[in-house]
Amino acid sequence: MAKWCYFLFIIISNQCVAKLHVVTENFPPAQYLDENDRLVGYVADKVRLVLDQAKIDYTLSVNNWSTVFNTALRDPQTCIFSVVRSSERENKLFWVAEIAELKTYLYALGSKNITITELNDAKKMNVAVLKDNYSHQYLRSQGFEDGKNLMLINSFDNIFKIIKNRKSSIDLVVLPEQRVRYEESINHVATSLKSVYRLNVEQPPLYFACNKNLDPSIKSKLLSAFSHY
C-alpha cells in the first residue's frame, strides 16, 4: 500500500509542475522565424541557452505582439521576451532580466519631404505603429490618438508590407533601428526610409519577463539562470 501511495505521489507531483510557456513575436534580428520556421536571432539564442542550461521544461511559441503580451498578462505559467520595461508595465509583470537594448525612431519615406523638429509635429500626420508595444503606449501618453493620427498594426512584418504596398496611406512609421538595418540587409525595403526623430531618448532596455503569479520556485530559478549571462 505504501509503495502505491509513493507512486501516486510522484504522478501527482509531476502533474502539478506545469511546463513553462515562453512566448515572443517575430522581431528580427533579435528573434525571428527562419526559412525552416525555426526561431533564431541573437536574443532568441540567448534565451534558449539560458533556459536549456537551467534545465527548465518549457515550450516556445511565436505570435503577433498583442497576442503574446496579453497571454503573458493572463496566464500564470507564461513568460515573454523581448518586452520593454516601462512605467506603465512595471506592476503588470515579473521582470527577470535585461536581454537587449533598443533605439526607436520615427521614419519617413525617402520620397516624402518630411521634417520633424519636435514630436508634436507628427500629430498632424498618419503614423503607423505596432499595436500595444512600448512605442504605441508612449505616443498615446504624449497626446497621440488611435484612429486619428495613429494607425495600429499588429506586426512589424505588416508595417513593412504597408511601406511597400500602401505608401500613400502613411506619412511616418515607428520602427526600431535594429529592425530597419535588418530589413535593409535582407530585402532593401528599408532603403526607402529615413529617420526623422528619435523616440524617448531614455528608452528602457528589452527584458525577459513573466506573469506575476508564476510559481515562486520557477521565478527563483529564472533569476539565478539569467544572472550568469
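Everything here concerns the structure above.
Bear in mind the structure is a predicted one, so any value in this text is a computation, not a measurement. (Residues numbered from 1 in each chain as written. Predicted model: local features only at pLDDT ≥ 70, side-chain atom pairs only at ≥ 80, totals over all residues. Heavy atoms only, no water.)

A. Representation of the sheet that holds strand β11 (residues 193-198). Strand order in the open sheet formed by five strands is β9-β8-β10-β7-β11, and the pairing between neighbours is mixed. Bordering the open sheet on either side are β9 (150-153) and β11, each of which pairs with just one other strand. Averaged over all adjacent pairs, the angle separating strand axes in this sheet is 35°, with direction ignored. Sheet topology places strand β7 (residues 104-109) next to strand β10 (residues 172-176); five bridges connect them, and they run antiparallel. Following the sheet pairing, L106 is matched in β10 by V174. Seen against the sheet, helix α5 (residues 156-165) touches β7, β8 (127-130), β9, β10 and β11 and runs at an angle of roughly 140° to β10. (Pairing = 2+ DSSP bridges. Helix = DSSP H or I, 4+ residues; strand = E, 2+ residues; numbered from the N terminus. Axes fitted to C-alpha atoms, helices over the stretch in contact; angles between N-to-C directions. Contact = heavy atoms within 4.5 Å.)

B. Spatial organisation of the packing of α5 against helix α6 (residues 177-186). Interhelical geometry of α5 versus α6 gives an angle of 60° and a closest axis separation of 12 Å. The orientation of α5 relative to α6 falls into the category oblique. Crossing angle aside, the handedness with which α5 passes α6 is right-handed. For the pair formed by α5 and α6, the contact residues are F156, D157 and F160 on the first element and R179, V180 and E183 on the second. Here the contact of α5 with α6 is composed, by residue class, of three nonpolar, no polar and three charged. (Parallel < 35°, antiparallel > 145°, perpendicular 65-115°, else oblique. Left-handed = near helix turned anticlockwise from the far one by under 90°. Nonpolar A, V, L, I, M, F, W, Y, C, P; charged D, E, K, R; others polar.)

C. Region of the structure containing the nonpolar core. The biggest cluster of nonpolar side chains holds 75 residues, and the ones touching the most others in it are I80, L139, L172, L175, F208 and L222. Here the element with the most residues in this core is strand β6 (residues 93-100); it accounts for seven residues. Discounting chain neighbours no more than four positions away, the residues touching L139 are L119, V127, V129, F144, L150, V174 and L199. (Core = buried A, V, L, I, M, F, W, Y, C linked by side-chain atoms within 4.5 Å. Buried < 20%, exposed > 50% of the residue type's maximum accessible area, 1.4 Å probe, protein only.)

D. Inspection of the state of the cysteines at higher detail. Counted under the stated rule, the structure contains one disulfide. Here C79 is linked by a disulfide to C210, with a sulfur-sulfur distance of 2.0 Å. Sign of the S-S torsion, about 95° for the bond between C79 and C210, identifies this disulfide as right-handed. Here the residue C79 occupies a position in strand β5 (residues 78-84), and C210 occupies one in strand β12 (residues 206-211), the gap between them amounting to 131 residues. The same class applies to C79 as to C210, namely buried. (Disulfide = S-S within 2.5 Å.)

E. Quick look at helix α2 (residues 42-53). The end-to-end C-alpha distance of α2, which contains twelve residues, comes to 17 Å, matching closely the 16 Å that a straight helix rising 1.5 Å per residue would cover. Buried residues of α2: V43, A44, V47, R48, V50 and L51, and no others. All buried residues of α2 lie within an arc of 165° about the axis, which places them on one face of the element. Note on α2: the residue one or two positions beyond its end, K55, has a positive phi of about 55°. (Expected span 1.5 Å × (residues − 1). Arc of directions from axis to C-beta.)

F. α5, seen in detail. If you check which residues of α5 are buried, you get F156, I159, F160, I162 and I163. The arc that holds every buried residue of α5, seen down its axis, measures 155°, which confines them to one face. Turned more than 90 degrees away from the buried face of α5 sit K164 and N165, all of them exposed. Buried residues along α5 sit in contact with β7, β8, β9, β10, α6 and β11.

G. Summary view of unusual backbone geometry. The omega angle of the peptide bond from P28 to P29 is 0°, so this bond is cis rather than trans. By the secondary structure assignment, P29 is in the loop between β1 (20-24) and β2 (32-33). S82 follows F81 through a cis peptide bond whose omega is -10°. Relative to the assigned elements, S82 resides in strand β5. The phi dihedral of K55 falls on the positive side, at around 55°, and the residue is not glycine. Its place among the elements puts K55 in the loop between α2 and β4 (58-62). The backbone phi angle of D132 is positive, close to 70°, even though this residue is not glycine. Tracing the backbone shows D132 in the loop between β8 and α4 (134-141). Take D132: its relative accessible area is 21%, and that puts it in the partly exposed class.

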